[in-house]
Amino acid sequence: MSQSQAHDDKNVDKLDPNWRSDALNLDLNYGMQTIAVRAGQHRTDEGEHSEAIFTTSSYVYTSAADAAAHFNGDKTGNVYSRHTNPSVRTFERRLAALENGERAVATASGMGAILTMCLAYLKAGDHLLAANQLFGSSIGLFNNYMAKFGVEVSYVDCFDNEAWANAVQPNTKVIYCESPSNPLAQICDIGFLSQLCKANDILLVVDNCFATPALQRPLDLGADVVIHSATKYLDGQGRVLGGALVGSDKLMQEAFTVVRSGGISMSPFNAWVFTKGLETLKLRMQAHCQNANQVAEFLVNHPNVSAVHFSGLNDHPAHELATRQHHMTGGYGAIMGFEVKASDSTDSRAAAWHVIDSTQMVSITNNLGDAKTTITHPATTTHFRLSAKERAEAGVKDGLIRLSVGLEDVEDIIKDLARGLDSL
């Protein structure tokens, strides 16, 4: 028998060995923290304990026939790192397990994940119905580019179920929301939206970036696709960029085809960082939420704060809904918006800038979900490209400050915010 014939015979096995099974048997119903630490890994013959980083662009095959089988789909395995990479696959499998999804698809950034969603599930003539309360770049993508290619886009208040129902059109194909939202941390009724979508053959896509699977699993609540900016809490330390989609095998295959063809791929190193970040996600989110609850109470009682947008407050209009949807007791996320009072001689933007500029420890940056507390002025940073009308519809006022509560001693966070608030 020739060498090539021997390799041909090996192609009877349609799966490469490292694609066969997860190192952790998920059928045994392990808890979230165990899944976060162990799921998705496939050890090599080297027997490494920690996950390896596969910094390779391509892969070597045993024969021309073996290569052809990989490329034509007769054999499942690695083809090219724009398509698949072992480090990326480990992150995808672990995140999918945490979200209770069948499959995840990783992307180069959070916006890359949203673009992938648009290209996979929308076409010219379709209607995208979204919440008013979204990250500014998401609104820009929908309005400036999806509309440019013939997708109709409209927006409603995220908390208004009647408005959602009334805005559905015969050509509505996707309902998209963030819950909690950026920057006001508003909550959507995912269960209601799921029923609405199922009754009208619409995909429900939920951005779970602020809650993460540690607090909320939108798929369990009826969503079809979950979106992540992994850059935020999944990393948790502001180190690298990445995004992901999670859902059924069928829907994720459509997303994967976009990523493979469009090159919106996550790098192996970034995937490794995210995989290590997932190990501590639940523990970090518990600590983030504990700090955020105390910071929110400080802000709501400060005389120079006119409003605090945080569902952890008992009088927040979505407090009961958030309590139902978030499975971690006392976990409402760690992002909040608060509005400062302007004095007779100071306008609201100047007052907000004064509070931001008076901090000595908190980082003035547009990133969030970091171990370090961060603060920004949305109207002039994350949402500055929106028109005044669009900012008003999103609730982004000149006096609004967005705070991402970190893992420092909460007393130090409060003292730093008080420097500017006390001197307004």
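Conventions adopted
Residues numbered from 1 in each chain as written. Predicted model: local features only at pLDDT ≥ 70, side-chain atom pairs only at ≥ 80, totals over all residues. Heavy atoms only, no water. 1 Å grid on protein atoms, 1.4 Å probe; cavity = no way out; pocket = protein on both sides within 12 Å on 5 of 7 lines; lining within 4 Å. Points joined across faces, edges and corners; volume = space filled by probe spheres on them. Helix = DSSP H or I, 4+ residues; strand = E, 2+ residues; numbered from the N terminus. Nonpolar A, V, L, I, M, F, W, Y, C, P; charged D, E, K, R; others polar. Axes fitted to C-alpha atoms, helices over the stretch in contact; angles between N-to-C directions. Left-handed = near helix turned anticlockwise from the far one by under 90°. Contact = heavy atoms within 4.5 Å. Pairing = 2+ DSSP bridges.

(A) Broad picture of empty space enclosed by the protein. All chains considered together, the criterion is met by one cavity of 30 Å³ or more. Forming the walls of the largest cavity are Glu51, Ala52, Ser87, Thr90, Ala271, Trp272 and Thr275. Where the lining of the largest cavity is concerned, the elements lending two or more residues are helix H4 (86-99) and helix H11 (268-279). Per element, the largest residue contribution to the lining of the largest cavity is three residues, and it comes from H11. The residue makeup of the lining of the largest cavity, split by class, is three nonpolar, three polar and one charged.

(B) Seen up close, unusual backbone geometry. Cis geometry marks the peptide bond from serine 179 to proline 180, where omega comes out at -5 degrees. Residue placement: proline 180 occurs in the loop between strand E4 (172-178) and helix H8 (190-200). The omega torsion of the bond from asparagine 182 to proline 183 falls at 5 degrees, within 30 degrees of zero and hence cis. You can see proline 183 is positioned in the loop between E4 and H8. One non-glycine residue, asparagine 100, lies in the positive phi region at around 60 degrees. Even without glycine at this site, aspartate 201 takes up a positive phi of about 55 degrees. Mapped onto the secondary structure, aspartate 201 falls in the loop between H8 and strand E5 (203-207).

(C) Seen up close, the packing of H4 against H11. The geometry of H4 relative to H11 is characterised by a closest axis approach of 8 Å and an angle of 35 degrees between their N-to-C directions. For H4 against H11, the interelement crossing comes out left-handed. From H4, Ser87, Val88, Thr90, Phe91, Arg94, Leu95 and Leu98 reach across to H11, where they touch Pro268, Ala271, Phe274, Thr275, Leu278 and Glu279. The class makeup of the residues in the contact of H4 with H11 is eight nonpolar, three polar and two charged.

(D) Representation of the sheet that holds strand E1 (residues 103-107) in the model. Ordered in space as E1-E7-E6-E5-E4-E2-E3, the seven strands form an open sheet in which the pairing is mixed. Every other strand in the sheet has two partners, leaving E1 and strand E3 (152-156) as the edge strands with one partner each. In this sheet, neighbouring strand axes are inclined to one another by 20 degrees on average, regardless of whether the strands run parallel or antiparallel. With five bridges joining them, E4 and E5 adopt parallel strand pairing. The residue of E5 that forms the bridge with glutamate 178 is aspartate 207. Helix-sheet contacts for H4 involve E1, strand E6 (225-229) and strand E7 (243-247), and the interaxial angle to E1 is about 130 degrees.

Read these as geometric descriptors, not functional statements.
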